[in-house]
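Architecture at a glance
Residue strings, one per chain:
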Amino acid sequence: MIEALKQKKYLQFILLLIIFVVLCMVIAPSDSNYLWRLPPLIKDLPLAINDSVDFAMFEWMPIEVYDPEIEEFEQKPLLKEVTRVSSGFILFMIELIREILLGGVKTIVAFMGWDWATDNQWARWPALPWTIVAGGAAILGYALNGFRLALFVGLAFTYIAVFGQWEPSMQTLSFVLIAAPVSVFLGLVLGVWAFRSRLVESILNPLLNMAQIVPHFSYLIPVMVFFGIGDHAGAIATIIFATPPMVRLTLLGLKKVPPEVGEAGLMGGCNNWQLLTKVLIPTARRDILIGVNQVIMQCLAMVVIASLIGAKGLGNDLLIALNRLRIGLALEIGVCIVLIAIVLDRLSLAWANKQTDYFADLSFKQRHKYSLMFGAVFVGGVILAGIGSLIFKEGFNYLYLIPHNKGITTENFWQAGVDWIWDTFFYSLKSFNEWLIVEVLLPVKNAYLSMPVAATFVLTMGIGYIVGGIRSALIIGGLLLFIALTEWWDRALITSYLVTVSVMISMTLGIVVGTLCAQHPKSSRFILTYCDTFQTFPSFIYLIPVMMLFGVTDTSVLIAIVVYATIPALRYTVEGLHAVPESLHEAGSMSGVNRLQRWLSIELPVSFPHMALGVNQTVVFALSMVIIGAMIGTDDLGQLILGALSEKNGVGNGLVLGLCVAFIGLAIDQVIRTWANQRKEALGLE
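Here is what the cut-offs are and how they apply
Residues numbered from 1 in each chain as written. Predicted model: local features only at pLDDT ≥ 70, side-chain atom pairs only at ≥ 80, totals over all residues. Heavy atoms only, no water. Helix = DSSP H or I, 4+ residues; strand = E, 2+ residues; numbered from the N terminus. Buried < 20%, exposed > 50% of the residue type's maximum accessible area, 1.4 Å probe, protein only. Contact = heavy atoms within 4.5 Å. Areas by Shrake-Rupley, 256 points an atom, 1.4 Å probe, with all protein chains shown as cover. Polar contact = N/O pair within 3.5 Å; in protein donor to acceptor, adjacent residues only side chain to side chain. Core = buried A, V, L, I, M, F, W, Y, C linked by side-chain atoms within 4.5 Å. Phe/Tyr/Trp six-rings, centres within 6.5 Å; stacked < 30°, edge-to-face > 60°. Salt bridge = Lys/Arg side-chain N within 4 Å of Asp/Glu carboxyl O. Axes fitted to C-alpha atoms, helices over the stretch in contact; angles between N-to-C directions. Parallel < 35°, antiparallel > 145°, perpendicular 65-115°, else oblique. Left-handed = near helix turned anticlockwise from the far one by under 90°. Nonpolar A, V, L, I, M, F, W, Y, C, P; charged D, E, K, R; others polar. Domains from an automatic or database assignment. Buried area = accessible area lost by both parts, 1.4 Å probe. 1 Å grid on protein atoms, 1.4 Å probe; cavity = no way out; pocket = protein on both sides within 12 Å on 5 of 7 lines; lining within 4 Å. Points joined across faces, edges and corners; volume = space filled by probe spheres on them.

Right, let's get into the overall build of the protein chain. For the protein chain, the count of helices and strands is 31 helices and 2 strands. Projected onto its principal axes, the C-alpha positions of the protein chain cover 90 × 70 × 65 Å. Looking at the protein chain residue by residue over its 686 residues, the buried ones come to 48%. A fraction of 77% describes how many contacts in the protein chain between residues 6 or more apart in sequence connect residues 24 or more apart. As displayed, the protein chain offers around 34,000 Å² of accessible surface, 67% of which is attributable to carbon and sulfur atoms.

The following block contains the structure:
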């Protein structure tokens with residue numbers, strides 16, 4: 001019996017489950033029973049963090065700083081001065097880009113002062129006509145990937161302008177155009193450093209894993225403390241959030257460079273700098289540029305979240321519209337965010353895939369044709385703006401700059417649609433909502449909350465031990481112990497219940513739909529295009545339609561999570577099934593297996609390591625969306641993180657709560673990655 005138990009892992013899982021159930025039955029709920037709940041021994045950790053931050057910001061290392069207002073030197077803390085100078089520079093760059101697009105005077109004031117600008121009213125930076133920006137973006141699309149991309153980009157910018165969302169859209173774009181390059185630069189530097197040093201790579205890997213799972217809100221709180229609020233604070237939080245994927249893809253691209261390429265560079269007389277810049281980085285160009293694409297998508301994912309600490313643009317307008325329950329306007333703004341996301345996604349991917357012919361013998365006109373085309377568009381846009389000033393003598397010049405909310409609007413149409421849905425399907429939606437909450441979600445939630453901490457540790461560490469041995473068990477135990485010793489264990493269980501339910505639904509949908517779509521090339525292309533498109537949507541967008549249908553409930557959060565988290569499950573299922581060697585399909589057919597048997601016995605086992613990565617990403621997506629769901633009402637860790645934003649000393653709570661969420665994800669990641677690596681080794685895929 002013992003030998004069978006050692007050899008059969010499914011028997012070990014059954015025994016572990018029996019022990020877990022017995023512990024749940026015999027351990028009585030009691031605050032004094034440490035088998036039920038551990039004492040919150042580190043509940044004062046947030047206070048210690050707050051004290052450390054206050055000391056660093058307001059007392060540590062004072063330096064002499066000249067104050068022009070009092071014309072004297074005074075002592076100021078070094079960290080506070082560094083953060084203020086850096087945030088001031090970022091704000092200046094954002095306003096510079098913003099004023100190029102929208103016009104203004106702040107950039108001139110930065111150099112000349114308010115007195116000079118007031119005395120010289122002519123000194124104003126004029127806005128670019130929206131026709132020039134739209135035309136220039138279309139030319140860029142044409143240069144990167146031809147007419148179809150140019151048409152899409154031009155129509156997208158025209159839609160934004162015509163619908164009166166030009167000003168907030170350009171505010172958002174200026175925000176991204178500063179945050180993304182800084183993230184790309186930092187990611188490239190850290191990626192190269194990790195490639196050069198094993199020690200740096202070993203230090204960065206766990207930090208990158210954690211950064212992938214830490215909630216968006218947790219980035220905002222320390223940034224708000226160190227850098228204040230405003231566009232600059234939102235940009236800095238976005239930079240921190242968007243840099244990790246660039247680091248990963250830079251490191252991955254450099255590692256994939258064949259050794260003989262580097263050897264050829266050395267034999268050609270390259271020094272280390274030349275080898276890096278002339279050989280390795282150009283060879284890894286595609287992976288690095290895909291990292292640029294991911295940075296842009298991460299920046300746009302933070303658009304709405306960053307508005308909570310003062311970032312202007314579409315995200316701020318979207319939050320205001322939702323707070324006023326103007327669902328129609330929120331949908332309009334959401335479409336603009338999605339269009340900007342898709343445009344930047346398509347442009348960056350086209351840049352990554354574009355091949356450069358270094359040996360082409362081109363004339364001056366051919367080399368500079370796109371610059372000449374933009375020059376023509378610029379002149380044409382100026383002429384159109386001049387004509388518009390003659391046509392629209394009263395009111396606004398619609399060929400120059402369409403003011404915010406003064407264009408075409410479909411708000412009433414969307415609002416009427418919302419009202420029609422409510423009037424027509426109110427009782428059906430209400431019945432489904434009540435059934436899901438009462439019969440499914442509440443029982444699962446109560447089951448999680450009724451789990452004793454001892455039973456939870458036995459179950460999770462037992463799974464870690466069965467899958468990966470004592471090391472995995474100890475890692476999982478250490479991660480969960482941190483959470484258990486805070487005062488938020490029950491909130492963590494509520495977060496886990498939402499993640500568990502949503503991941504199970506998402507994986508079921510992903511595997512079933514992905515398997516069906518993988519059978520035919522056309523359906524595979526369609527579903528991968530669907531994943532590409534919906535993955536570019538900022539995560540907050542998914543909350544709008546579910547709020548419209550189900551209000552502020554756990555149902556809305558769950559459905560938004562499922563829609564968002566199903567994307568990686570679909571993608572990795574299709575890609576995993578396509579990666580199954582054709583020889584295995586042929587061997588199965590020769591053995592006489594039917595279609596279902598081949599799927600169960602060949603395709604799923606062989607594609608499991610790839611699909612396991614999909615499970616991992618599904619968990620990450622679900623955790624991210626659970627925390628964002630706090631904005632429409634949940635009682636999990638996300639609600640506490642959101643509340644920490646409004647606390648005077650919320651940085652400690654925000655950081656510790658963010659670590660709790662990250663540790664839940666890392667514990668799951670430890671099991672999935674270990675299991676997937678074992679399957680790869682067993683199948684000879686490594």
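Still more ground to cover, so stick around.
This part takes up the side chain of Thr-573. Position of Thr-573 relative to the elements: it lies in helix H27 (residues 554-578). Overall, Thr-573 belongs to the buried group, its relative accessible area being 1%. Reaching out from Thr-573, the side chain makes a polar contact with the backbone oxygen of Ala-569 at a distance of 2.7 Å. Residues in contact with Thr-573, not counting those within four places in the same chain, are Gly-510, Ile-511, Gly-514, Thr-515 and Met-611.

Phe-157, Trp-166, Leu-300 and Leu-318 are the most contacted members of the largest nonpolar core, which has 168 residues in total. No other element matches the 16 residues that helix H18 (residues 327-353) contributes to this core. Apart from the residues lying within four places of it in its own chain, the contact partners of Leu-300 are Thr-172, Val-176, Ile-340, Ala-341, Leu-344 and Pro-538. Formed by 6 residues, the second largest nonpolar core is a distinct cluster that contains Ala-194, Leu-204, Leu-208 and Leu-251.

One pass over the full model with this rule turns up 10 aromatic pairs. For the ring pair Phe-457 and Trp-489, a centre distance of 6.2 Å and an interplane angle of 20 degrees mean the geometry is stacked. Here Phe-457, found in helix H22 (residues 453-468), pairs with Trp-489, found in helix H24 (residues 489-517); they are 32 residues apart in sequence, far enough to count as distant. Summarising the burial analysis for this pair, Phe-457 and Trp-489 share the class buried.

A separate point is the pattern of salt bridges. In total, this model carries 8 salt bridges according to the counting rule given. Of the charged contacts, one joins Arg-98 and Asp-231 as a salt bridge, the two residues approaching to 2.9 Å between their closest N and O atoms. Of this pair, Arg-98 sits in helix H4 (residues 78-102) while Asp-231 sits in helix H12 (residues 231-255); the two residues are 133 residues apart in sequence, bridging distant segments of the chain. What makes Asp-231 buried here is its relative accessible area of 5%. Salt-bridge contacts for Glu-201 lead to Lys-255; the nearest nitrogen and oxygen are separated by 2.3 Å. Of this pair, Glu-201 sits in helix H10 (residues 198-213) while Lys-255 sits in helix H12, and the two are 54 residues apart along the sequence.

Let's shift gears to the packing of helix H7 (residues 130-145) against helix H20 (residues 369-391). One can describe the packing of H7 onto H20 by two numbers: an axis separation of 9 Å at closest approach and a directional angle of 160 degrees. Classified by the angle their axes make, H7 and H20 are roughly antiparallel. For the pair H7 and H20, the sense of crossing is right-handed. Contact residues: Thr-131, Ile-132, Gly-135, Gly-136, Ile-139, Tyr-142 and Ala-143 in H7; Tyr-370, Met-373, Phe-374, Val-377, Phe-378, Gly-381, Val-382 and Leu-384 in H20. For the contact of H7 with H20, a count of residues per class yields 11 nonpolar, 4 polar and no charged.

Next up on the list: the packing of H27 against helix H29 (residues 595-628). Axes are the key here: two packed helices are described by the angle between their axes and the distance separating the axes. Contact pair H27 / H29: the axes reach a minimum separation of 8 Å and the direction vectors enclose 160 degrees. Here H29 runs roughly antiparallel to H27, going by the angle between their axes. Of the two elements, H27 crosses H29, and the hand of that crossing is right-handed. Between H27 and H29, the residues in contact are Ala-560, Ile-561, Tyr-564, Ala-565, Pro-568, Ala-569, Tyr-572, Thr-573, Glu-575, Gly-576 and Leu-577 and Glu-603, Ser-607, His-610, Met-611, Leu-613, Gly-614, Gln-617, Thr-618, Phe-621, Ala-622, Met-625 and Val-626, respectively. Split into classes, the residues belonging to the contact of H27 with H29 amount to 14 nonpolar, 7 polar and 2 charged.

Another aspect to go through is the domain arrangement of the protein chain. Assigned domains of the protein chain: these are domain 1 (1-36 + 453-485), domain 2 (49-119) and domain 3 (498-686). Each of domain 2 and domain 3 has a C-alpha centre, and the two are 43 Å apart. Together domain 2 and domain 3 conceal approximately 340 Å² of surface at their shared face, both sides included; 66% is due to carbon and sulfur atoms. The tally of links between domain 2 and domain 3 comes to 0 salt bridges. Where domain 2 packs against domain 3, one counts 1 residue pair in polar contact (both at pLDDT 80 or more). Looking at the side of domain 2 that touches domain 3 residue by residue, the classes come out as 2 nonpolar, 1 polar and 1 charged.

What follows concerns the environment of Ala-306. Summarising the element assignment, Ala-306 is placed in helix H16 (residues 303-306). A sequence separation of 76 residues divides Ala-306 from Gly-230, and the C-alpha atoms of the two residues are 9.0 Å apart. Residues within four places of Ala-306 in sequence aside, it is in contact with Phe-175, Leu-220, Gly-234, Thr-238 and Ala-311.

The next thing to look at is the layout of surface pockets. Here the second largest pocket defines a volume of roughly 1,200 Å³. At the level of elements, helix H2 (9-26), helix H21 (411-449), H22, helix H23 (470-484), H24, H29 and helix H31 (651-683) are the ones that each hand at least two residues to the lining of the second largest pocket. Looking at the lining of the second largest pocket residue by residue, the classes come out as 31 nonpolar, 4 polar and no charged.

So, about empty space enclosed by the protein. Any empty space left between atoms is shown by rolling a water-sized probe over those atoms. Throughout the structure, instances matching the rule amount to 2 cavities of 30 Å³ or more. What lines the largest cavity is simply Thr-172, Phe-175, Met-302, Val-303, Ala-306, Ala-311, Lys-312, Gly-313, Leu-314, Gly-315 and Asn-316. Of all the elements in the fold, those that place two or more residues in the lining of the largest cavity are helix H9 (166-196), H16 and helix H17 (314-323). Of the residues forming the lining of the largest cavity, the biggest block, 3 residues, is contributed by H17. Residues belonging to the lining of the largest cavity are distributed by class as follows: 6 nonpolar, 4 polar and 1 charged. The calculated volume of the second largest cavity comes to roughly 40 Å³. The set of elements that each furnish at least two residues to the lining of the second largest cavity consists of H29 and H31.

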